[in-house]
Amino acid sequence: MDYIIEMCNITKKFPGVIANDDVTLRLKKGEIHALLGENGAGKSTLMSILFGMYQPDQGVIKKNGEVVKINDPNDANRLGIGMVHQHFKLVQNFTVLENIILGVETTKHGMLKMDEARARVLELSERYGLRVDPDALIEDITVSMQQRVEILKMLYRSNEILIFDEPTAVLTPQEIEELMKIMKGLVSEGKSILFITHKLNEIKAVADRCTVLRKGKCIGTVDVASVSKEELSEMMVGRKVDLIVEKENKEPGKVIFEVENLTVKDRATGKNVVNNVSLNVRAGEIVCIAGVDGNGQSELVYALTGLITPDDGKIRLNGNDITKASIRQRNIGGIGHIPEDRQRYGLVLDYNLAYNLVLQSYFTPRFQKHGFLKYSEIYKYADELIDKFDIRSGQGARTITRSMSGGNQQKAIIAREIDRDPDLLIAVQPTRGLDVGAIEYIYKKLIAERNKGRGILLVSLELDEVMNVSDRILVIYEGEIVAELDPKTTTVQELGLYMAGSKRGIVA
């Protein structure tokens, strides 16, 4: 059997954890090979070794049967290996074109030759259906466009082995479908793809074979066509996973959160990105704001949580006007916030886990006296939360948060916010980029909080999540609430029509 890449008996250790434990992975030429595993199973580490970002402690890598040494990403590129990272590696204030050619610039007499590069980028984007504006700044384009830029970076370097690390974690359902087509197109052109994911639907849709990792060990490689999603999830988690959410009917209590005629203008264009939005959340209910990404939900959440000041309207929590309250006042007053971008808004990545768990409460008497932190109390509290919320990290409370897997970073935020006992929990895409085991866990936590009488405002792009978890659905389109739906009586198709703006409903 001819394999284009073989990773044989790879072992990689970090302090307190064996990330890869004698793992073997073989990629055939012209296949889409999925790498499946829970958060923290060692998938990204294995691919980072193939891309030269880490060195293995044991094991060898072969390309076309020959042993190769990959010391850094430049070596990987020379061998035709490219990688789209889960958190994109783009320079925000450079243009699309500048990002694509960065590191492989063509120069003449010390001057950049941009015309040839531009022509090649336009040709590649046309050929692979990756249309982008080469002159747009990265900070001004959507997440899915940024992903296209990352793919074009690989194609510009003529990479033949393409690694996609959780490529759909930040995409809408429509964009995911588009990406799947692009991946199939790349393979038909002779490329070979390694695809890190934990979304079983996507594996069934595009992958030929799948290798499953669990806690750093290789559980096995299977032909995707011959296994069910249930079998894959059991291989991945080591037990049966229940993704149908058990939720008892519950009569919600009094209104605890009210938003009245809220308007937020775009700072650059002056246009309303949130347009006259009114909504309420009652105690003991999950209200979900559903919409395609980029329809004003981010700005709405920023205004509700105090990250930006609204241009008009009122926000009330337990009857108190908090429209102009600071973020800390809102937190102390009873708002918990699981932000959409955990690394940017939820954590200080270079702090350890214990410090991140007290970010909202380090100033309370429990954790400080006369301005001095009580370290023993902070670490004791962190250990309690790590145990209670099953947060996995190599060195416990002292682990630097940056080194933790995405799913465990998310669990840390959820632990911190729920444990503060908020009246209202604003959860924005709480399961983005998480595996089935972690998703099941988070759904159970949200429903348990709802059953305790908390109000939950969930913002989600995942249609299954919206239908499964919410008690009431508000659809947002172009900054306006266009429908109020009951998940028991609506369909995914109907919800999709409202989200796409082709249908409007009555809003109570």
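Scroll up a little and you will see the structure.
Residues numbered from 1 in each chain as written. Predicted model: local features only at pLDDT ≥ 70, side-chain atom pairs only at ≥ 80, totals over all residues. Heavy atoms only, no water.

A. How the structure looks around the packing of aromatic side chains. All chains considered together, the criterion is met by 7 aromatic pairs. For the ring pair Tyr355 and Tyr375, a centre distance of 6.5 Å and an interplane angle of 40° mean the geometry is tilted. Separated by 20 residues along the polypeptide, Tyr355 in helix H12 (residues 353–357) and Tyr375 in helix H13 (residues 375–388) bring together distant segments of the chain. For Tyr355, a relative accessible area of 27% puts it in the partly exposed group. In this structure an aromatic cluster arises from ring pairing among Tyr351, Tyr355, Tyr375 and Tyr379. (Phe/Tyr/Trp six-rings, centres within 6.5 Å; stacked < 30°, edge-to-face > 60°. Helix = DSSP H or I, 4+ residues; strand = E, 2+ residues; numbered from the N terminus. Buried < 20%, exposed > 50% of the residue type's maximum accessible area, 1.4 Å probe, protein only.)

B. Structural detail: the pairing of strand S13 (residues 255–265). Sheet analysis places S13 next to strand S14 (residues 272–282), joined by 7 bridges and oriented antiparallel. In the strand pairing of S14, Leu262 is matched with Val277. Linking S13 to S14, which pair antiparallel, is a turn of 6 residues; within it Gly270 sits at a positive phi near 80°. Pairing of S13 with strand S16 (residues 312–317), which is carried by 5 bridges, proceeds in the antiparallel orientation. What sits directly across from Phe257, in S16, is Leu317. (Pairing = 2+ DSSP bridges.)

C. Representation of H13. Helix length check: H13, at 14 residues, gives a terminal C-alpha distance of 20 Å against a target of 20 Å (1.5 Å per residue), a fit within 8%. Among all positions in H13, only Ile378, Tyr379, Tyr381, Ala382, Leu385 and Ile386 are buried. In an axial view of H13, the angular spread of the buried residues amounts to 160°, which keeps them on one side of the axis. Facing away from the buried side of H13 by more than 90 degrees, the exposed set consists of Ser376, Asp387 and Lys388. Backbone geometry just after H13 places Asp390 at a positive phi near 50°. (Expected span 1.5 Å × (residues − 1). Arc of directions from axis to C-beta.)

D. Geometry of a nonpolar patch on the surface. A cluster of nonpolar side chains, Leu307, Ile327 and Tyr345, forms an exposed patch at the surface whose accessible area comes to about 230 Å². Assignment of secondary structure puts Ile327 in helix H10 (residues 327–333). Residue Ile327 is classed as partly exposed on the basis of its relative accessible area, which comes to 35%. (Patch = residues over 30% accessible without salt bridge, like charges linked within 9 Å, V, L, I, M, F, W, Y side chains within 5 Å. Areas by Shrake-Rupley, 256 points an atom, 1.4 Å probe, with all protein chains shown as cover. Salt bridge = Lys/Arg side-chain N within 4 Å of Asp/Glu carboxyl O.)

E. Fine view of the environment of Met236. Its place among the elements puts Met236 in helix H8 (residues 229–237). As for Met236 and Gly220, which are separated by 16 residues in sequence, their C-alpha atoms are 9.9 Å apart. For Met236, the residues in contact, after removing those within four places along its chain, are Leu36, Gly37, Glu38, His198, Val212, Leu213, Arg214, Asp435 and Val436. (Contact = heavy atoms within 4.5 Å.)

F. Summary view of the pattern of salt bridges. Applying the stated criterion across every chain yields a total of 28 salt bridges. Glu160 is paired through a salt bridge with Lys63; the nearest N and O atoms lie 2.7 Å apart. Of the two residues, Glu160 is situated in the loop between helix H5 (143–156) and strand S9 (161–165) and Lys63 in strand S4 (residues 58–63); the sequence distance between them amounts to 97 residues. The exposure class assigned to Lys63 is buried, which follows from its relative accessible area of 14%. In this structure, Arg316 engages Glu260 in a salt bridge whose closest nitrogen and oxygen atoms are separated by 3.0 Å. Of this pair, Arg316 sits in strand S16 while Glu260 sits in strand S13, placing them 56 residues apart in sequence.

G. Main features of the environment of Leu130. When you line up the elements, Leu130 lands in the loop between helix H4 (114–127) and H5. Its relative accessible area of 0% is what places Leu130 among the buried residues. Residues Leu130 and Tyr3 lie 127 residues apart in sequence; the distance between their C-alpha atoms is 28 Å.

H. Representation of helix H17 (residues 492–499) within the structure. Buried within H17 we find Leu495, Tyr498 and Met499. Axial view of H17: buried residues confined to an arc of 100°, hence all on one face. Lining the buried residues of H17 we find strand S15 (285–290), helix H16 (463–469), strand S23 (472–477) and strand S24 (480–485). At the N-terminal boundary of H17, the capping side chain belongs to Thr491, with an oxygen 3.0 Å from the backbone nitrogen of Glu494. (Polar contact = N/O pair within 3.5 Å; in protein donor to acceptor, adjacent residues only side chain to side chain.)

I. Quick look at the sheet that holds strand S18 (residues 335–338). Spatially, S18-S21-S22-S15-S23-S24 is the arrangement adopted by the 6 strands of the open sheet, whose pairing is mixed. Both outer strands of the open sheet, S18 and S24, are each paired with one neighbouring strand and no more. Sheet twist, expressed as the mean angle between neighbouring strand axes with direction ignored, is 20°. As paired elements, S23 and S24 share 5 bridges and run antiparallel to each other. Across the sheet, the residue bridging to Leu474 is Glu484, located in S24. Strands in contact with helix H9 (residues 297–305) are S15, S18, strand S21 (424–428), strand S22 (455–460) and S23; relative to S21, the strand with the most contacts, it is inclined by about 150°. (Axes fitted to C-alpha atoms, helices over the stretch in contact; angles between N-to-C directions.)

J. Representation of the sheet that holds strand S2 (residues 17–28) within the structure. Within the open sheet, the 4 strands sit side by side as S2-S1-S4-S5. Their pairing is antiparallel. At either end of the open sheet lies a strand with only one pairing partner, and these are S2 and strand S5 (66–68). Between one strand and the next, the sheet's axes are offset by a mean angle of 25°, whatever the strand orientation.

K. Representation of unusual backbone geometry within the structure. With a phi close to 55°, Ser158 is a non-glycine residue in the positive phi region. Residue position: Ser158 is located in the loop between H5 and S9. Located in the positive-phi region is Gln429, a residue other than glycine, with phi close to 45°. Here Gln429 is to be found in the loop between S21 and helix H15 (436–451).

L. Here's a closer look at the side chain of Asn295. Inspection of the secondary structure puts Asn295 in the loop between S15 and H9. Note on Asn295: relative accessible area 10%, which makes it buried. A polar atom in the side chain of Asn295 sits 2.7 Å from the backbone nitrogen of Glu478. Leaving out residues up to four positions away in the same chain, Asn295 has contacts with Val273, Ile476, Tyr477, Glu478 and Gly479.

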